[in-house]
Amino acid sequence: MSRAAKAALLVLLAWWTWRLLTHPFQQDVVGGIFMHRVDLMFHEAGHLLWSPFGEFMTMFGGTLNQCLVPIVCAIAFYRGSRDLFAVSVMGWWLGENLQDVGMYINDARDLQLQLLGGGTGAEIEGHDWEHLLTMMHAITLDHRIGHVVQTAGAVLMIAGLGAAIFLLARPQDRGQAGGTRTAGTRTTESARPLPPRAGTSTIAPRRAPEHRTAAPTGQQSPT
Ligand SMILES: [Zn+2]
């Protein structure tokens, strides 16, 4: 991904962050950004995926899945290419998912959110978080938990975006445009220590003189 494309992506994420943070719990905004559709897709898939694990997990699987996907992607980016920029963006994405989840939890008693099938939770038979919190005997905590989740998401979005901006702006990343150069220098650096592959030999000579010096000093102390 070119620096220009990364910069354009960050401008978009910054815009979404601003929208989400200035309109928390507002379905037209939280559900209006493009990423919400992606989240929704993984949410629905989660219900199916976790359905073998009982009623609670089937219900919780939607939320769990939409949050797990960015985490799994972040791990894959890190393990695959140590791509910290992508990891930061995945962190932002998890935060954005939590905006969605927080809004959903917050609605457990009100049931005013428009749901996928059409109609609000009040018009049909409730929704995921109404059932989940009822099962956990915590329905009265819906607003509190919703706010905590929303706040955690806000912090993650800001942190993810901030980290991504930092990574893009730092001089190392600029130099990476000539990635070959960086890679070249690294090869030469790593090539150097290799020849004394007698890495043993590098350590051995060091130890030897120490022992030698240790012996005389050891002899000196008795005196
Ligand atoms: Zn659901």
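Residues numbered from 1 in each chain as written. Predicted model: local features only at pLDDT ≥ 70, side-chain atom pairs only at ≥ 80, totals over all residues.

> Is there a simple way to explain the overall build of the protein chain in this structure?
The number of helices and strands found in the protein chain is ten helices and zero strands. In the protein chain, the succession of α and β elements from N to C terminus is α-α-α-α-α-α-α-α-α-α. Per-residue burial over the protein chain gives 27% buried out of 223 residues. Considering only residue pairs separated by 6 or more positions, the protein chain has 60% of its internal contacts joining residues 24 or more positions apart. (Helix = DSSP H or I, 4+ residues; strand = E, 2+ residues; numbered from the N terminus. Buried ≥ 20, exposed ≤ 12 C-beta atoms within 10 Å, placed from the backbone. Contact = placed C-beta atoms within 7 Å.)

> Just to check I follow, could you spell out the environment of serine 88 for this structure?
Looking at the element boundaries, serine 88 is found in helix α5 (residues 84–106). Look at serine 88 and you get buried, because 24 C-beta atoms sit within 10 Å. Between the C-alpha atoms of serine 88 and alanine 159, which are 71 residues apart in sequence, the distance is 7.9 Å.

> Looking at this structure, how should I read unusual backbone geometry?
Most of the time, phi is negative for any residue but glycine, and the peptide bond is trans. Here phenylalanine 25, not a glycine, exhibits a phi torsion of approximately 65°, which is positive. Inspection of the secondary structure assignment puts phenylalanine 25 in the loop between α1 (3–22) and α2 (27–30). Backbone geometry places histidine 137, a non-glycine residue, at a positive phi of 55°. According to the C-beta neighbour criterion, histidine 137 is exposed, with 8 such atoms within 10 Å.

> How do you make sense of the environment of alanine 7 when you look at a structure like this?
Mapped onto the secondary structure, alanine 7 falls in helix α1. Looking at alanine 7, the number of C-beta atoms within 10 Å reads 14, which means it is partly exposed. Residues alanine 7 and alanine 169, 162 residues apart in the sequence, show an inter-C-alpha distance of 9.4 Å.

> What is the right way to read α1 from this model?
Between the first and last C-alpha of α1 there are 28 Å, a value that for 20 residues agrees with the 28 Å anticipated at 1.5 Å per step. Listed in full, the buried residues belonging to α1 are Leu10, Leu13, Trp16, Thr17 and Leu20. The buried residues of α1 occupy one face: seen down the axis, they fall within an arc of 130°. In α1, the exposed positions that point more than 90 degrees away from the buried face belong to Ala4, Ala8, Val11, Trp15, Trp18 and Thr22. Check the buried side of α1 and you find it contacts α2, α3 (34–49), α5 and α7 (142–169). (Expected span 1.5 Å × (residues − 1). Arc of directions from axis to C-beta.)

> How should I be thinking about helix α4 (residues 54–81) in this particular structure?
A turn of α-helix holds 3.6 residues, and therefore any two residues three or four places apart point the same way. The sharpest bend along α4 comes to roughly 45°, located at glycine 61. Against the buried residues of α4 lie α3, α5 and α6 (128–135). Two residues or fewer past α4, arginine 82 is found with a positive phi of approximately 50°. (Bend = angle between axes of the 7 residues up to and from the residue.)

> What am I meant to see in the nonpolar core here?
One recurring pattern in soluble globular proteins is that nonpolar side chains are buried together. Judged by nonpolar contacts, the single largest core of 29 residues is most densely connected at Val89, Met90, Trp92, Leu94, Val101, Ile105 and Leu161. Counting residues per element, the ones that place at least two in this core are α1, α4, α5, α6 and α7. Looking at this core element by element, the count peaks at twelve residues for α5. Residues contacting isoleucine 105, with those up to four places away along its chain left out, are Trp129, Asp142, Ile145, Gly146 and Val149. (Core = buried A, V, L, I, M, F, W, Y, C linked by C-beta atoms within 7 Å.)

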